[in-house]
Amino acid sequence: MNDTLLNAALDWQRGALTRDALVTQLTALGREDAPLITDLIVRLRAHTAGHEQNGDAPRSTDGWRDELMGSRACTWGGAGMLVGPSVLILTDGQRGVVLGEHDTRALSSSVSGSLMLLCQTIVMAEHALNQREMQDLREQRLQSASTSLSEIDPIR
């Protein structure tokens, strides 16, 4: 599985795989697969050591803000991923990488920790929103059922 994920990331950067296909492979992993993400991060960092560029990553603070504000998040226990408009960010809280369409950049441990916290915050907020929406839908269903039932005339 480790080679499969590494090859998928490299295939995306070579144009042989779509970004959505890479994201689908990553999001199919479960919580127990967090070590696979950590291994992928380590291998991507090793693969790009000495060849780092700044090609795909945003160059300004505003660019990074837009990238992060437009992100979706996924977590696997001790690892996380941000899927931004143009980059994928993988982190385990200690190490991280920014995967662009054509390059990979290693992240410092402090940035990796902050991005892991951001991933967890986004996921927790989404779960809370989903729970609230589900509760609202249940209440609407109960109210509509009780209203509908009260409008039925009994047979006498």
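Above this note sits the structure.
Note that the structure is a prediction, hence the values are computed from the model and not measured.

A. Just the overall build of the protein, in detail. Scanning the protein for helices and strands turns up 5 helices and 5 strands. Secondary structure elements in the protein, listed N-terminal to C-terminal, are α-α-α-α-β-β-β-β-β-α. Looking at the protein as a whole, 35% of its 156 residues are labelled buried. For the protein, long-range pairs separated by at least 24 residues make up 58% of all intrachain contacts whose partners lie at least 6 apart in sequence. With the model as given, the accessible surface of the protein reaches about 9,400 Å², and the carbon-plus-sulfur share is 53%.

B. Structural view of the pattern of salt bridges. Counting across every chain of the model gives 5 salt bridges. A salt bridge links Arg43 to Asp3; the shortest N-O distance between them is 2.6 Å. Placement of the pair is Arg43 in helix α3 (residues 34-48) and Asp3 in helix α1 (residues 2-14), with a sequence separation of 40 residues. Note on Asp3: relative accessible area 46%, which makes it partly exposed. With its nearest N and O atoms 2.8 Å apart, the salt bridge here joins Arg14 to Asp11. Of this pair, Arg14 and Asp11 are both found in helix α1, 3 residues apart, which corresponds to roughly one turn of the helix. Given a relative accessible area of 58%, Arg14 falls into the exposed group. Overall, the relative accessible area of 24% leaves Asp11 in the partly exposed class.

C. Region of interest: the sheet that holds strand β2 (residues 80-83). Read across the open sheet, the 5 strands follow the order β1-β2-β3-β4-β5; overall the sheet is antiparallel. Each end of this open sheet is capped by a strand with a single partner; those strands are β1 (72-75) and β5 (104-107). The average angle at which neighbouring strand axes cross in this sheet is 15°, direction not considered. Here strand β4 (residues 96-99) pairs with β5 via 4 bridges, running antiparallel. In the sheet register, Val98 faces β5, and the bridge partner there is Arg105. Helix α2 (residues 19-27) contacts β1, β2 and β3 (88-91) of the sheet and is inclined by roughly 155° relative to β2.

D. Region of the structure containing the side chain of Ser112. Relative to the elements of secondary structure, Ser112 occurs in helix α5 (residues 109-150). On the basis of relative accessibility, which here comes to 0%, the residue Ser112 falls in the buried class. For Ser112, the residues in contact, after removing those within four places along its chain, are Thr91, Gly93, Gln94, Arg95, Gly96 and Leu107.

E. Spotlight on the pairing of β1. The pairing of β1 with β2 spans 4 bridges and is classified as antiparallel. Each bridged residue has a counterpart across the sheet, and for Thr75 the counterpart in β2 is Gly80. Counting the residues between successive antiparallel strands, the hairpin from β1 to β2 contains 4 residues, one of them, Gly77, with a positive phi of roughly 70°.

F. The arrangement of the nonpolar core in detail. Counting residues in hydrophobic clusters, the biggest one holds 25 residues, and the most contacted among them are Leu26, Leu44, Trp76, Met81, Leu90 and Leu99. Put simply, the parts of the chain that give this core at least two residues each are α1, α2, α3, β2, β3 and β4. Excluding residues that lie within four positions of it along the chain, Leu44 makes contacts with Leu6, Ala9, Leu10, Leu90, Val97, Leu99 and Thr104. Judged by nonpolar contacts, the second largest core, of 9 residues, contains Leu82, Leu107, Leu115 and Val123.

Calculation notes
Residues numbered from 1 in each chain as written. Predicted model: local features only at pLDDT ≥ 70, side-chain atom pairs only at ≥ 80, totals over all residues. Heavy atoms only, no water. Helix = DSSP H or I, 4+ residues; strand = E, 2+ residues; numbered from the N terminus. Buried < 20%, exposed > 50% of the residue type's maximum accessible area, 1.4 Å probe, protein only. Contact = heavy atoms within 4.5 Å. Areas by Shrake-Rupley, 256 points an atom, 1.4 Å probe, with all protein chains shown as cover. Salt bridge = Lys/Arg side-chain N within 4 Å of Asp/Glu carboxyl O. Pairing = 2+ DSSP bridges. Axes fitted to C-alpha atoms, helices over the stretch in contact; angles between N-to-C directions. Core = buried A, V, L, I, M, F, W, Y, C linked by side-chain atoms within 4.5 Å.

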